[in-house]
Protein chains: 2
Amino acid sequence: MAHSDQYIDKLRKSGLRPTKQRIKICEVLFDAEKTFHFTIKELVKIIENQANIKVSLATVYNTVHAFIKKGYLKEIPLNASQSYYDTNVTHHHHFFDEEENKLIDIHQDDVDEVNIKRTIPGKKIRSVEVIAKIVSDNQSQK
Amino acid sequence: MAHSDQYIDKLRKSGLRPTKQRIKICEVLFDAEKTFHFTIKELVKIIENQANIKVSLATVYNTVHAFIKKGYLKEIPLNASQSYYDTNVTHHHHFFDEEENKLIDIHQDDVDEVNIKRTIPGKKIRSVEVIAKIVSDNQSQK
DNA sequence: CAACAGTTTAGAATAAATATAATGTATTAT
DNA sequence: ATAATACATTATATTTATTCTAAACTGTTG
């Protein structure tokens, strides 16, 4: 299976041995037709539904964090009670629907490049994220 | 005292009675020469150091949230273990130093207006935040 | 097959944020 | 003012996401 090899490669490059559990996590994350947003809880639920193997919370957390460090996943900055992650690591931004607690992609084409004309001495920019919080538009505004 | 009156006004407009504790919170938040970023824990510590009155965690949380709802404070979207707040509610963005866990303002003038050319039906944009994560620049990059 | 390095897991620990309920204080109507 | 009422404060308990731990497990290597 070609896919499986890719997962083993991703895991190895992240400093992790390719185990059953970790490959299952890869399948869920990287096999999907579309990229998607998820919380750890949701990811565990998807695995439970799809798989005949059990994966513990700790393993999911560890694997997700290793992938983030390596750049195979992205964490989206939000002040929600849980952390949100994205399988789409290409440069793009997000709407966050505060009522539904849902993330929606904003394609790169739909926002001008954010150009920051200021630097901090001794520091470099690692990432730039735009978060546009949205709520229902009831026409009238109190 | 003119300041005190402003605080009472802010509290009333936020639907809160002006009590000793809440006025103390206002003093710390709105009396400062410069705007600043804070976590709840830090705010409580500042109050403890400055004040002869005790303020419980619950009161601080409640008051801060009422002010955010009213627009007197801003919460900054970050995936940190604690929430970060800003007394500067004018339109501006942030660097987040991931090593120091510190926020640094990016003035409005230092970023072009973020223009999102896409809307979500039935929704309106409530806020747009730019977060630029920064790390030490060691010249060499592995 | 023994030894070792790395894994998985359940459950414990941690810590931020929220809820609770008893006590205290400000406001209102009298 | 004073009593009655509505709202506040507080210490403590609860909740929940995340991290930690230590024991059992797996797979690889000599």
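Please refer to the structure placed before this passage.
Structural notes, computed from the coordinates. (Residues numbered from 1 in each chain as written. Chains lettered and ligands numbered in written order. Predicted model: local features only at pLDDT ≥ 70, side-chain atom pairs only at ≥ 80, totals over all residues. Heavy atoms only, no water.)

## Looking at the interface of chain A and chain B
- Across the boundary between the two partners, chain A contributes 42 residues, which contact 42 residues of chain B.
- Summed over both partners, the interface of chain A with chain B comes to about 3,900 Å²; 50% of that surface belongs to carbon and sulfur atoms.
- Considering only the surface of chain A that becomes buried against chain B, N79(A), K123(A) and K124(A) emerge as the three largest contributors, covering 18% of it.
- Between D112(B) and K117(A) there is a salt bridge; the shortest N-O distance is 3.0 Å.
- At the junction of chain A with chain B, the criterion picks out 30 residue pairs in polar contact (both at pLDDT 80 or more).
- Counting residues per element, the side of chain A that touches chain B draws most heavily on strand β6 (residues 123–136) of chain A, which supplies 14 residues.
- For the side of chain A that touches chain B, the per-class residue count stands at 18 nonpolar, 7 polar and 17 charged.
- Looking at chain direction, β6(A) and strand β6 (residues 123–136) of chain B are connected through 13 bridges and run antiparallel. Bridged to S136(A) within β6(B) is K123(B). (Contact = heavy atoms within 4.5 Å. Buried area = accessible area lost by both parts, 1.4 Å probe. Salt bridge = Lys/Arg side-chain N within 4 Å of Asp/Glu carboxyl O. Polar contact = N/O pair within 3.5 Å; in protein donor to acceptor, adjacent residues only side chain to side chain. Helix = DSSP H or I, 4+ residues; strand = E, 2+ residues; numbered from the N terminus. Nonpolar A, V, L, I, M, F, W, Y, C, P; charged D, E, K, R; others polar. Pairing = 2+ DSSP bridges.)

## Section: the protein's contact with DNA strand C
- Around DNA strand C, 18 residues are found, and the nearest of them are T19(A), K54(A), R12(B), Y61(B) and S83(B).
- When the atoms of DNA strand C within 4 Å of the protein are grouped by moiety, sugar and phosphate amount to 85% of the total.
- Contact between DNA strand C and T59(A): a phosphate oxygen at 3.4 Å from a side-chain N or O atom of the residue.
- Secondary-structure elements contributing two or more residues to the surface near DNA strand C are α2 (20–30) and α4 (57–70) of chain A together with α4 (57–70) of chain B.
- Residues that form the surface near DNA strand C fall into these classes: 4 nonpolar, 8 polar and 6 charged. (Near = heavy atom within 4 Å.)

## Details of the relation of the copies chain A and chain B
- Between chain A and chain B, the superposition needs a rotation of 180° and an axial shift of 0.0 Å, giving an RMSD of 0.0 Å. When the rotation and shift are considered jointly, the pair of chain copies conforms to a two-fold rotation axis.
- In this assembly the copies share their binding face: 100% of the residues contributing to the interface of chain A also contribute to that of chain B. (Least-squares fit on C-alpha atoms with pLDDT ≥ 70 in both.)

## What to know about the protein's contact with DNA strand D
- Around DNA strand D, a shell composed of 19 residues is seen, among which Y61(A), S83(A), T19(B), K54(B) and S56(B) lie nearest.
- Atoms of DNA strand D within 4 Å of the protein: sugar and phosphate make up 81%, bases the balance.
- A distance of 2.2 Å separates a phosphate oxygen of DNA strand D from a polar side-chain atom of T19(B).
- Here Q21(B) contributes a side-chain N or O atom positioned 3.0 Å from a sugar or linking oxygen of DNA strand D.
- Elements with a minimum of two residues in the surface near DNA strand D: α4 of chain A together with α2 (20–30) and α4 of chain B.
- If you tally residues by element for the surface near DNA strand D, the top one is α4(A), at 4 residues.
- A per-class count over the surface near DNA strand D returns 6 nonpolar, 9 polar and 4 charged.

## Regarding the pattern of salt bridges
- Taken as a whole and assessed by the stated rule, the structure comprises 13 salt bridges over all chains.
- Look at the salt bridges and you will find they share partners, linking D97(A), E99(A) and K123(B) into a network.

## Description of the pairing of strand β5 (residues 102–106) of chain A
All names here are of chain A.
- Here 5 bridges tie strand β4 (residues 93–97) to β5, and the two strands are oriented antiparallel to one another. Residue pairing across strands places H93 opposite I106, the latter belonging to β5.
- Turn length for the β4-β5 hairpin, with the two strands adjacent in sequence and antiparallel, is 4 residues, and the turn residue N101 shows positive phi of about 55°.

## Considerations on the side chain of E129(A)
- Tracing the chain through its elements places E129(A) in strand β6.
- Those residues in contact with E129(A) that sit more than four places away from it in its chain are K74(A), E75(A), P77(A), H92(A), H93(A), H94(A), E129(B), V130(B) and I131(B).

Nothing here speaks to function; it is all geometry.
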